[in-house]
Amino acid sequence: MSILTAHHLSKSFGALDVLQDVTLSLAHGQRAALVGPNGAGKTTLLHILAGMDEPSGGAVHRARGQTIGFLPQHADQELSEATTLHDLMRSVFAQLDRLAQQMRELEVALANPAQHDTAMEKYSKIAEQFEHAGGYTFELRIEQVLSGVGFDLGDRVVETILPPTYRRYLATFDEVCQGLQAHALPGARVERIQAPLKAVAARLGLVRYGRNNITYAAGIGSYLQLCGYVTDARLPATDRSPQPPMLRDECEGCETCRLACPTGAIGPGRVLLHAEHCLTFANELPGPWPEWVPATAHHCLLGCLACQRSCPANPRLEISDSGVTFTSDETRVLLGEVSSTDRGVDDGIRRKLEDLGLSGDEGVLGRNLRALLDRRCRAR
Ligand code: SF4
Ligand code: SF4
């Protein structure tokens, strides 16, 4: 289904025709790049598509309920001291901020019995728009980032990437727990649980499986970490009864992740993953690489992003510097080139792994880093 179409657009400035007879359509989930020399009219076209400028001729149709965000080309010029990149990204979702503000105002009116019914009717409509436009997840979508982790090799520093699902946000999980206890469920016990959360969330309908056996949440995609809590509070009954795990509707007829998989773990016409051939599992287990892992498959310090990055249901990931760079001594110890005899080096490695939430993974990091370095050497 097209979410944006343009028919026979033209744009003239006096005698100068910048655009002539431009027709295009953009389908749901499709990503497109506009390429052309300076002055070809790319920005003018984007302004018209975003509704920031009117065409001289032709028409643009946007699917109902869709919001268009526009991040200007010279974003850096718009970053003042008071404006961060995060603020700029938020400005793309300005319509959501407006809806959130309206909801907050209506929440005040809801407390007034004389205004309750009218306010509730308006509130329900706005809340539906807000949810439909991804309002409950937009902060998350802004922040879905890969962490860049550096290793000093003596003559150069190499940057590697750590998928967003690997950093352990333990402090955040604990904050949620404390928030639940202090505000939502005062007086009750709330504790984090260790459980097969993926299976539980799928059975509760909170997530659905992709063909790559990874779970996706509506409006977020697959770059998520699940956290479960138990409480002894008396909670209201919910109508969320267990259901069989479901495959995402969008996977029907889609082959994108299968074609992107470097090891053939996603079989044709098959929903069950060949987990025994999934790179993610291989690079979490210590020991020599199994022979079915091609040397060209390695691209992350841990895990594998090939199927998730290619999936149209996922947002584009930005790389953000984790602030962690292993010194050359630490890198050599991790690579197994020397054994550590220096307490400072050991402590440095331990602290950095803790910062990354990777304590306990040192046994595989050196081997994975070596595989990444070998692959880069081969590519030169
Ligand atoms: S790439 Fe296609 S088949 Fe694979 S998980 Fe995404 S939508 Fe499903
Ligand atoms: S994580 Fe990598 S190896 Fe595993 S199924 Fe996805 S693309 Fe294939």
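Predicted, not measured: the structure shown is a model, and the values here were computed from it.

Observations regarding the site of ligand 2
Surrounding ligand 2, one finds Asn212, Cys261, Thr263, Ala265, Ile266, Leu273, Cys278, Leu279, Thr280, Cys304, Ala306 and Cys307. Looking at the shell around ligand 2, the elements with two or more residues in it are helix H10 (279-282) and helix H11 (306-310). Classifying every residue of the shell around ligand 2 by side-chain character gives nine nonpolar, three polar and no charged.

So, the sheet that holds strand S1 (residues 2-13)
Read across the open sheet, the three strands follow the order S2-S1-S3; overall the sheet is antiparallel. Because the sheet does not close on itself, it has two edges, and the strands there are strand S2 (16-27) and strand S3 (57-62). Taken pair by pair, the neighbouring strands of this sheet meet at an average axis angle of 15°, ignoring direction. Pairing of S1 with S2, which is carried by eight bridges, proceeds in the antiparallel orientation. Each residue of the ladder has a partner; that of Leu9, found in S2, is Val22. Most of the contacts of helix H1 (residues 42-49) go to S1, to which it runs at about 125°, and overall it touches S1, S2 and S3.

Remarks on the site of ligand 1
Ligand 1 sits among Gly210, Arg211, Asn212, Arg248, Glu250, Cys251, Cys254, Thr256, Cys257, Ser310, Cys311 and Ala313. A per-class count over the shell around ligand 1 returns five nonpolar, four polar and three charged.

Describing the environment of Ile266
Within the fold, Ile266 resides in the loop between helix H9 (256-260) and H10. Spatially, the C-alpha atoms of Ile266 and Asn212 are 6.3 Å apart, while their sequence positions differ by 54 residues. When sequence neighbours within four positions are dropped, the list of residues in contact with Ile266 reads Arg211, Asn212, Cys257, Arg258, Cys261, Leu273 and Cys307.

Examining unusual backbone geometry
For His8, which is not glycine, the phi torsion reads 50° and is therefore positive. Among the secondary structure elements, His8 is positioned in strand S1. For His8, a count of 12 C-beta atoms within 10 Å translates into the label exposed. Positive phi is not limited to glycine here, since Asn213 has a value of about 70°. When you line up the elements, Asn213 lands in the loop between strand S7 (208-209) and strand S8 (215-216).

Cut-offs applied
Residues numbered from 1 in each chain as written. Chains lettered and ligands numbered in written order. Predicted model: local features only at pLDDT ≥ 70, side-chain atom pairs only at ≥ 80, totals over all residues. Near = placed C-beta within 6 Å. Helix = DSSP H or I, 4+ residues; strand = E, 2+ residues; numbered from the N terminus. Nonpolar A, V, L, I, M, F, W, Y, C, P; charged D, E, K, R; others polar. Pairing = 2+ DSSP bridges. Axes fitted to C-alpha atoms, helices over the stretch in contact; angles between N-to-C directions. Contact = placed C-beta atoms within 7 Å. Buried ≥ 20, exposed ≤ 12 C-beta atoms within 10 Å, placed from the backbone.

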